[in-house]
Amino acid sequence: MWTICSSTLISLRKSLLTTHWQALSSGLTRAFLKIILSLFTMGVNNMQKVLVLLTLVMCCWASMAKAEYFKYKDPKQRLGVRIKDLMKRMTLEEKIGQMTQADKSVASKEIIKKYNLGSILSIPFPISLPAEGASPKTWVDLVNDLQSGSISTRLGIPMIYGIDAVHGHNNVYNATIFPHNVGLGVTRDPVLLKKIGAATALEVRATGIQYAFAPCIAVCRDPRWGRCYESYSEDPKIVKLMTEIIPGLQGDIPVGSRKGVPFVGGQNKVAACAKHYLGDGGTHLGVDEGDTIIDAKGLFSIHMPAYYDSIIKGVSTIMTSYSSWNGVKMHKNRFLVTDYLKNTLKFRGFVISDFQGIDRITTPPNANYTYSIIAGMNAGIDMFMVGFTYEDFITRLTYLVKNKFIPMRRINDAVKRILRVKFTMGLFENPLADYSYAKYLGCQEHRDLAREAVRKSLVLLKNGKSVENPLLPLSKKASKILVAGSHADNLGNQCGGWTIQWQGLSGNNLTAGTTILSAVKTTVNPRTQVVYVENPDDKLVKSNKFDYAIVVVGEYPYAELLGDSSNLTIPEPGPSTIKRVCGSVKCVVVLITGRPVVVQPYVETIDALVAAWLPGTEGQGVTDLLFGDYGFTGKLARTWFKSVGQLPMNVGDPHYDPLYPFGFGLTTEPRKK
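Residues numbered from 1 in each chain as written. Predicted model: local features only at pLDDT ≥ 70, side-chain atom pairs only at ≥ 80, totals over all residues. Heavy atoms only, no water.

**Student:** Give me the environment of Leu561: which residues, what numbers.
**Tutor:** With respect to the helices and strands, Leu561 occurs in the loop between strand E15 (548–554) and helix H23 (574–582). On the accessibility criterion, Leu561 (43% relative accessible area) is partly exposed. On a C-alpha basis, the gap between Leu561 and Arg227 in space is 7.7 Å, while along the polypeptide they are 334 residues apart. In this view, Leu561 contacts Asp288 and Trp502; residues no more than four positions away in its chain are not counted. (Helix = DSSP H or I, 4+ residues; strand = E, 2+ residues; numbered from the N terminus. Buried < 20%, exposed > 50% of the residue type's maximum accessible area, 1.4 Å probe, protein only. Contact = heavy atoms within 4.5 Å.)

Here is the structure:
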């Protein structure tokens, strides 16, 4: 019997020495533990000491069992019970940390642990990415390293990592880049949008990230706005239809779910973010971050419907807009954020600011940061995308709460909402990223889906100088053809802004994909001579007997305010190339633009005109239609104006007199094989 006790006690001693101190801290003092360990040092030849020790060990085990069970860590507990249990354990500092989203460039696992940061993001700048051309493994290593800081905090609350994935996982090398929303709206195909959402979720998860700042459900009412390509349509009904991308990203919310609850259906899905709330697409003169001057009836009938649907579909987060409504900044608009979104619509996810959004409450930005924090908090913002200034934000917000400038109930509301999303996502059960999803990044299945999206998004505006003599579909067996234009062999121009970097990049080195020129070469007969000159001179055009020409021109990449345009003209040398080539050779002009642009001066010269928008990495989708493997089906989701003097002009307006009306689009039949 003694032999058994002796070996058992030695084993228990090792167990006690290796047990994590923190696990014993509840119900068992350090002094108590020292007593136990001291008994071992006195030897095991005294039976009385052994009995005392056994009693103490049994007490220790009982205390450990009690200490190790937390309701909030138990996935079998109801969501409300888990939130309540965790909330009562949190300090003010831990709560404010959860409300803070810092940029990756200033974050580390040590900083996350020190400040209890609830979220990290990567902005589309090189400093915020793990490395140029980073692989999925490099991304996952980064996310997991940062997450290790979160789960080693006192309460082990996982952080959520966010990124802009607005047309695929667009900040990541080798990801599938889908057409921008301006093209997807043309499809009017919610099933396609759901598939794109699901594919995007898998590619985002391939890099370990769990949160996508998408979709943008703005209703762009003026194409002079630099973010118009992020909008599906000028028509709120189409934008509402396209919210089907949300269950693609997040999964289908269970039937019978309570209205307004967030939902994320597993490790192959991500939290979505409907943005930018509210009216960002209706600003005066299309000025980015400007003022939407409209009455309440107009605001709610044009800009709100897509949010109704997003909330019903379980969207996890909603981002406030930089813009204003009748002079009131959305980041401080309590009526729209708290009274309407949270209280009337019963949205139960969390509201997140735009990047440094509260800074811009004042003019100039950051003129009174303390006031901006108060205004943003009182409006109802829950998580603050502060980026680089997390320490200043945390310090000021802590002071404001402790000195009762901001009520504790507002902090609790914000944190409950953030925790609700995190629990719903399963972050507490699966905080670390899974390397096995790497296979989905840029996979062929997703590229095929993107190619389909390109085909469905193109709009044929003109086909032949007479109905009897259409130019399209083009012959694959032509003897000699000319391909020209600044966008024919330029993947960056083809993808547009928000691709690898914020403003996008021109050239072919930014990521993997197929340019329109490459697609032409692989589509035509091997005997067809394809001559490519970006900006050919008159001599080349006239001295060669080209069967036809494909001219690909358009806008250069831009994003946000740098894309605002008062004239909406095609940049040179685009117009010169059109005139030079189409004046001498039968030509189809393919426009690569984020919105309708001025084309009326060139229409008579052009034989065929195609709006390809910003198609992304899969250029074969364009040639699929040009050469008749598939027929054109796309219908304009935006009005194509004659001149900028008509703007803003949307379908239904009294002064409606477009070049190509909303819903216009010629069709073709696939070529018989």
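**Student:** Tell me what's going on with H23, and back it up with residues and numbers.
**Tutor:** For H23, every residue scored as buried is listed here: Gly574, Pro575, Thr577, Ile578, Val581 and Cys582. Relative to the axis of H23, the buried residues are bounded by an arc of 160° and lie together on one face. (Arc of directions from axis to C-beta.)

**Student:** So what about the pattern of salt bridges? Which residues, and what values?
**Tutor:** This structure, assessed with the given rule, holds 32 salt bridges. Residues Glu560 and Arg227 are paired through a salt bridge, measuring 3.3 Å at the closest nitrogen-oxygen approach. Here the residue Glu560 occupies a position in the loop between E15 and H23, and Arg227 occupies one in the loop between strand E4 (211–212) and helix H11 (236–241), the gap between them amounting to 333 residues. Each member of the pair, Glu560 as well as Arg227, carries the same accessibility label: buried. (Salt bridge = Lys/Arg side-chain N within 4 Å of Asp/Glu carboxyl O.)

**Student:** Give a description of the packing of aromatic side chains that names residues and reports values.
**Tutor:** Overall, the coordinates contain 16 aromatic pairs when judged by the stated rule. Summarising the aromatic geometry, the rings of Tyr115 and Tyr390 are spaced 5.4 Å apart at their centres and angled 75° between planes, so their arrangement reads as edge-to-face. Highlighted residues: Tyr115 in helix H7 (residues 109–115) and Tyr390 in helix H17 (residues 390–402), separated in sequence by 275 residues. With centroids separated by 4.7 Å and ring planes inclined at 70°, the aromatic side chains of Phe300 and Tyr340 adopt a geometry described as edge-to-face. (Phe/Tyr/Trp six-rings, centres within 6.5 Å; stacked < 30°, edge-to-face > 60°.)

**Student:** Run through the side chain of Thr153, naming residues and quoting values.
**Tutor:** By the secondary structure assignment, Thr153 is in the loop between helix H8 (136–151) and strand E3 (160–163). A relative accessible area of 9% means that Thr153 is categorised as buried. When neighbours within four sequence positions are excluded, Thr153 is seen to be in contact with Ile112, Lys113 and Asn116.

**Student:** Would you mind going over the state of the cysteines in detail, with residue names and values included?
**Tutor:** Evaluation of the coordinates by the stated rule reveals two disulfides. Across the disulfide, Cys220 is cross-linked to Cys228 (sulfur-sulfur distance 2.1 Å). A torsion of -105° about the S-S bond marks the disulfide between Cys220 and Cys228 as left-handed. Since its relative accessible area comes to 1%, Cys228 is described here as buried. (Disulfide = S-S within 2.5 Å.)

**Student:** Residues and numbers for the sheet that holds strand E1 (residues 100–103), please.
**Tutor:** Overall, parallel pairing links the five strands, which are arranged E4-E3-E2-E1-E11 in an open sheet. Of all the strands in the sheet, just E4 and strand E11 (384–387) have a single pairing partner and so form its edges. With four bridges connecting them, strand E2 (residues 119–122) and E3 associate as parallel partners. When the bridges of E3 are listed, Ile120 appears paired with Tyr161. (Pairing = 2+ DSSP bridges.)

**Student:** So what's going on with H8? Residues and values would help.
**Tutor:** Given a rise of 1.5 Å per residue, 16 residues ought to cover 22 Å, and the 22 Å separating the end C-alpha atoms of H8 matches this to within 8%. Among the residues making up H8, those that are buried are Pro136, Trp139, Val140, Leu142, Val143, Asn144, Leu146, Gln147, Gly149 and Ser150. Contacts from the buried residues of H8 go to H7, E2 and E3. (Expected span 1.5 Å × (residues − 1).)

Function-wise, these values are silent; they only describe arrangement.
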